[in-house]
Amino acid sequence: MPATAGDEAMTTHGSHKKPARRPPAPRGHEPAAPATADDADGEDLDVAFRVTRPQLAAALFISVVVLAAGLTLSASVANLGIGARDVEGAVMPPGMIMTRDTPAQAMRDMAAVDPDALTYRAPVDARGDQLLEPTMDGDVKVFQLEASVIEWNILDYERVMAYAFNHQVPGPRIRLTVGDRVRIRVTNHLPEPTTVHWHGLIVPNAMDGPAEITQDPIPPGGWFDYEFTANQAGTFFYHSHSHVDRQQALGLYGALIVDPHGAAAAHPADQEVVVQLQEWTEREGYTYPAMPMEGLLPNFFTINGKAYPETETIHARVGDQLLIRFIGSSSAFIHPMHIRGGPFTVIATDGVSLAEAARYQKDTVNVAPGERYDVLWTAPEPGKWLLHCHINHHTTNDNVEEEGGGGLMMIIGVSH
Ligand SMILES: [Cu+2]
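Residues numbered from 1 in each chain as written. Predicted model: local features only at pLDDT ≥ 70, side-chain atom pairs only at ≥ 80, totals over all residues. Heavy atoms only, no water.

## Points about the overall build of the protein
Then, in step 1: For the protein, the count of helices and strands is 4 helices and 23 strands.
Then, in step 2: Relative to its full complement of 416 residues, the protein shows a buried share of 45%.
Then, in step 3: When the accessible surface of the protein is split by element, carbon and sulfur atoms take 56% of a total near 21200 Å². (Helix = DSSP H or I, 4+ residues; strand = E, 2+ residues; numbered from the N terminus. Buried < 20%, exposed > 50% of the residue type's maximum accessible area, 1.4 Å probe, protein only. Areas by Shrake-Rupley, 256 points an atom, 1.4 Å probe, with all protein chains shown as cover.)

What follows is the structure in structure tokens.
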């Protein structure tokens, strides 16, 4: 066998020079015979590595079993029928349980907001629930609502990607008077179809909003005119009604308040406070629609689009009467809303005024999705009185309490 000088030091061929130093053989063992073709007796030692048929069959069998097991395991936990195109770019929440029967539609519904769909970045201190001014078309009040994907600060340091009406969360406040004829043009700049429902208002059926039930969904880039006359006074709200568990949970809702007409319009309070509730699921820079499901449980909570300590502080004087309108704009969670400093009087529920004898006192009301409570609260002695949810986790920000709380908490500052 040819060998160069350089090879010699490394080789262990028996018929050539031994290496300069050879490690001692382990005690009790003969040094292993080098297995080379040119061994002294000339026998072909490769026979030691020849594969017998039973060995080949065994290896083949094991490989097939392992491959089949891998395929079966994948098929038993994931839906292999979903093509990449069906869920293109979808980012799923960590912890979400996806099984063999999870369809692509469910994944798209629960996926993170696509950062590529962002069209607007709201200023850090922007506030939602801004009064929407109509234009007049004859005697019809015309409002414009535009849905799009925005970046929105729920805290100074915490930005979410939201679905929003008119670049704010909640959407702008629509204020009507009983008897108003309105036309509300909803324009869709979302990457998916949408519609709007006027919760609690009795409107013509074709104007009620549920997608694919009373109307075709408004496609991306399209619009729809909702026309009706407001005939009920009270606290209402509007929200998306297409893939509502995704779209409303991401911020597509807003207050709709109808004042009584004429003499009945006399305000029962010194000040009015609208409280709209929402949850957020924000993880690793992605925003998911909060749902009571694995991976989608919320970690932030907002009143009117802000978490405490960024929630608005209400200022009142001792003896002031506050009309607080609680709106269950949450898509999926119930919030027992509590006010300190004395009970309040429930004067209306779900947009229906309670007769004097039917009014009642509470200090906590369970505000479920869709519910509204109008309550009157009188400012007691001076101080900082809390209005907050009594599910304690809902008064934290990502499980952390800061400046004494978080999430669904606001301060009513009362002075002399
Ligand atoms: Cu709560």
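## With respect to the layout of surface pockets
Then, in step 1: In this structure, the largest pocket spans a volume of roughly 470 Å³.
Then, in step 2: Residue lining of the largest pocket: 23 residues in total, with R108, D114, Y163, E192 and R246 positioned closest to the centre.
Then, in step 3: Among the elements that take part in the lining of the largest pocket, helix α3 (residues 104-110) stands out by supplying 3 residues, more than any other. (1 Å grid on protein atoms, 1.4 Å probe; cavity = no way out; pocket = protein on both sides within 12 Å on 5 of 7 lines; lining within 4 Å. Points joined across faces, edges and corners; volume = space filled by probe spheres on them.)

## A word on the sheet that holds strand β22 (residues 383-389)
Then, in step 1: Here we have 5 strands laid out as an open sheet, ordered β14-β23-β22-β16-β20, and mixed in their pairing. What marks the edges here is a single partner per strand, and that holds for β14 (314-317) and β20 (364-367). When the angles between neighbouring strand axes are averaged without regard to direction, this sheet yields 25°.
Then, in step 2: Sheet topology places strand β16 (residues 335-339) next to β22; 3 bridges connect them, and they run antiparallel. Bridge assignment links M337 to a residue of β22, and that residue is C389. (Pairing = 2+ DSSP bridges. Axes fitted to C-alpha atoms, helices over the stretch in contact; angles between N-to-C directions.)

## As for the coordination of the copper ion
Then, in step 1: Distances from the copper ion to its protein donors, H335 (ND1), C389 (SG) and H394 (ND1), fall within 2.0 Å.
Then, in step 2: All donors to the copper ion come from one chain, and their sequence spacing reads H-x53-C-x4-H. Of the two residues, H335 is situated in strand β16 and H394 in the loop between β22 and β23 (409-415); the sequence distance between them amounts to 59 residues. One exposure class covers both H335 and H394, and it is buried. (Donors = N, O, S within 2.8 Å, 3.2 Å for Na, K, Ca; no water.)

## Some points on the pairing of β14
Then, in step 1: Alternating residues of β14 divide into I314 and A316, all buried, and H315 and R317, none buried.
Then, in step 2: The sheet contact formed by β14 and β23 spans 4 bridges and is parallel. Among the inter-strand pairings, R317 is bridged to a residue of β23, identified as S415.

## Observations regarding the packing of aromatic side chains
Then, in step 1: With the rule as written, the count across this model stands at 5 aromatic pairs.
Then, in step 2: A centroid spacing of 5.3 Å and a plane angle of 70° characterise the contact between W198 and Y226, whose relative ring orientation is edge-to-face. Taken together, the positions of W198 in strand β7 (residues 196-199) and Y226 in strand β8 (residues 223-229) put the pair 28 residues apart, joining distant regions of the chain. Residue W198 shares its accessibility class with Y226, and that shared class is buried.
Then, in step 3: Put simply, the rings of F165, W198, F224, Y226, F228 and Y238 pair up and form one aromatic cluster.
Then, in step 4: One residue, R185, lies across the ring of W223, its end atom 3.6 Å from the ring centre. (Phe/Tyr/Trp six-rings, centres within 6.5 Å; stacked < 30°, edge-to-face > 60°. Lys NZ or Arg CZ within 6 Å of the ring centre and 35° of its normal.)

## A word on the nonpolar core
Then, in step 1: If you look at the biggest cluster of nonpolar residues, it comprises 31 residues, and the most contacted ones within it are L145, I174, I184, W198 and L256.
Then, in step 2: Counting residues per element, the ones that place at least two in this core are β3 (140-155), β4 (158-165), β5 (171-177), β6 (181-188), β7, β8, β9 (234-240) and β10 (253-259).
Then, in step 3: Considering every element that reaches this core, the biggest residue donor is β3, with 4 residues.
Then, in step 4: In contact with I184, other than residues within four places in its own chain, are F143, L145, I174, W198, F224, D225, Y226 and F228. (Core = buried A, V, L, I, M, F, W, Y, C linked by side-chain atoms within 4.5 Å. Contact = heavy atoms within 4.5 Å.)

## Section: the pattern of salt bridges
Then, in step 1: For the structure on display, the rule yields 15 salt bridges.
Then, in step 2: The salt bridge partner of E272 is R325, with a shortest N-O separation of 2.9 Å. Separated by 53 residues along the polypeptide, E272 in strand β11 (residues 271-283) and R325 in strand β15 (residues 321-327) bring together distant segments of the chain.
Then, in step 3: Judged by relative accessible area, which is 21%, E272 ranks as partly exposed.
Then, in step 4: Shared partners join several salt bridges into a network, and the residues in it are D129, R173, R175, D259, E272, R325 and D374. (Salt bridge = Lys/Arg side-chain N within 4 Å of Asp/Glu carboxyl O.)

## A few points about a nonpolar patch on the surface
Then, in step 1: On the surface, a nonpolar cluster with roughly 410 Å² of combined accessible area is contributed by F61, I62, V65 and V66.
Then, in step 2: Within the secondary structure layout, V66 lies in helix α2 (residues 53-77).
Then, in step 3: Overall, V66 belongs to the exposed group, its relative accessible area being 54%. (Patch = residues over 30% accessible without salt bridge, like charges linked within 9 Å, V, L, I, M, F, W, Y side chains within 5 Å.)

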